[in-house]
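Residue-level structural notes
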Amino acid sequence: MPKPSPNCGLPSTAADAAMWRQHTDSLQACLGALEVTGAAARPLAGDAAFAHWRDVTVNLRRAGRVIYLVGNGASASMASHFAADLAKNAQVHTQVFTDLALLTAVANDVSFDQVFVEPLRSRLVAGDMLVAISSSGNSPNVVNACRYANEIGAAVVTISAMGPDNAIRALGDLNFWIPANNYGMAETGHACILHYWMDSVSTKSTF
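Cut-offs used in this document
In this numbering scheme, every chain counts its residues from 1 along its sequence in written order. The predicted nature of this model means local features are confined to residues of pLDDT at least 70 and side-chain atom pairs, given and counted, to a pLDDT of 80 or more, with totals for whole chains, interfaces and linings taken over all residues. The side-chain values count all of the structure's non-hydrogen atoms but skip hydrogen atoms and water molecules. Note on method: axes are straight lines fitted to C-alpha atoms, helices fitted across the in-contact stretch only, with angles between N-to-C directions ranging 0 to 180 degrees. For helices the rule is a DSSP run of H or I covering at least 4 residues; for strands it is a run of E covering at least 2, with both sets numbered from the N terminus onward. Working rule for angles: under 35 degrees goes down as roughly parallel, over 145 as roughly antiparallel, 65 to 115 as roughly perpendicular, anything else as oblique. Here is the rule for handedness: rotate from the far helix to the near one, and if that takes an anticlockwise turn smaller than a right angle the crossing is left-handed, while a clockwise turn gives right-handed. Whether two residues are in contact is decided by their heavy atoms, any of which lying within 4.5 Å being enough. When residue character is reported, Ala, Val, Leu, Ile, Met, Phe, Trp, Tyr, Cys and Pro are called nonpolar, Asp, Glu, Lys and Arg charged, and the others, Gly included, polar. Buried means the residue's accessible area, taken with a 1.4 Å probe over protein chains only, is under 20% of the maximum for its type, while exposed means over 50%, and partly exposed covers the values in between. Whether two strands pair comes down to DSSP finding at least two bridges between them. For Phe, Tyr and Trp, rings pair up if their centres lie within 6.5 Å, where Trp contributes its six-membered ring, and each pair is then called stacked (planes under 30 degrees apart), edge-to-face (over 60) or tilted (otherwise). Polar contact is the term for a pair of N or O atoms within 3.5 Å; when the atoms are in protein, one must be able to donate a hydrogen and the other to accept it, and sequence-neighboring residues count only if both atoms are side-chain atoms.

1. Examining the packing of helix α1 (residues 14–32) against helix α7 (residues 183–201)
Taken N-terminus to C-terminus, the directions of α1 and α7 make an angle of 60°; their axes are 10 Å apart at the nearest point. In terms of orientation, α1 and α7 fall into the oblique class. In this structure, α1 meets α7 at a crossing whose hand is right-handed. Across the interface between the two elements, H23, S26, L27, C30 and L31 of α1 pack against M185, T188, G189 and C192 of α7. In terms of residue class, the contact of α1 with α7 is made up of five nonpolar, four polar and no charged.

Structure (structure tokens):
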């Protein structure tokens with residue numbers, strides 16, 4: 001029996017191939033240009049930053065602390081995705097705020113820019129970690145969550161893109177930023193960063 005064609009019998013053109021190469025080349029360039037900073041915008045080497053993030057996460061797991069993940073839209077989906085992955089593969093206690101009743105209650109009764117801060121007030125404590133994901137880095141509800149976490153002494157990790165001077169990039173103990181200029185590239189790049197972190201702390205084989 002003949003082997004199936006790599007393109008599954010669908011027609012392809014040189015333009016299709018060029019578009020795919022351009023997309024993957026752009027993603028590789030974007031990830032290769034990753035910048036990481038610490039507090040006070042101190043530049044950090046990427047490998048050292050990921051190693052530190054891993055070590056903090058492992059220590060947090062040993063201490064029975066909690067990792068909270070926040071984001072809007074596709075970033076909210078990523079927060080939920082990696083909360084599940086970390087709980088399943090790394091045995092870390094995680095929480096996300098995806099309960100529709102809670103989100104709409106806070107948005108309606110308080111304000112949308114407080115939808116993460118309000119539930120964090122009764123849960124987040126010093127020694128926990130907040131992972132804030134935002135393509136623009138300027139979402140007010142994510143910015144406010146980072147500020148609150150800083151106030152109480154929780155670890156803060158931010159993941160952002162687009163403008164290099166975005167708001168959350170100045171609020172984390174670790175700040176991962178990629179120079180993506182559109183949401184698709186930002187979200188794909190952020191997923192790569194989060195997967196790399198999750199794989200580094202996994203107690204199970206992820207390959």
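2. A closer look at the pairing of strand β7 (residues 174–177)
Neither face of β7 is open: one carries L174 and F176, the other N175 and W177, and all of them are buried. As paired strands, strand β1 (residues 35–37) and β7 are joined by three bridges and run antiparallel to one another. Of the residues in β7, the one forming a bridge with E35 is W177. Pairing between strand β6 (residues 155–160) and β7: four bridges, direction parallel. Opposite I159, over in β7, you have F176 as the bridge partner.

3. A look at the packing of aromatic side chains
For the structure on display, the rule yields seven aromatic pairs. Plain terms: the ring middles of F50 and F176 are 4.8 Å apart, the flat faces sit at 40° to each other, and that makes the pair tilted. Taken together, the residues F50 in helix α2 (residues 46–63) and F176 in strand β7 connect sequence positions 126 residues apart. Each member of the pair, F50 as well as F176, is classed as buried.

4. Quick look at the environment of R121
Note that R121 resides in helix α5 (residues 117–121). Here R121 falls in the partly exposed class, since its relative accessible area comes to 45%. In this structure, the C-alpha to C-alpha distance between R121 and A149, residues 28 residues apart in sequence, is 9.2 Å.

5. Brief notes about the side chain of S134
Locating S134 in the fold gives a position in strand β5 (residues 129–134). In this structure the side chain of S134 is engaged in a polar contact, spanning 2.9 Å, whose partner is the backbone nitrogen of G137. Not counting the four nearest positions on each side in its chain, S134 is found in contact with S75, S139, V142, I159, S160, A161, I168 and H190.

6. Looking at the sheet that holds strand β4 (residues 93–96)
With mixed pairing, the seven strands of this open sheet are ordered in space as β2-β1-β7-β6-β5-β3-β4. Because the sheet does not close on itself, it has two edges, and the strands there are β2 (43–44) and β4. Relative to β2, β1 runs antiparallel, the two being bridged by two bridges. Its bridge partner lying in β2, T37 is registered against P43. Lying over the sheet, helix α6 (residues 140–152) contacts β3 (66–70), β5 and β6, oriented at roughly 160° with respect to β5. On the sheet, α7 packs against β3, β5, β6 and β7 and is oriented at approximately 155° with respect to β5.

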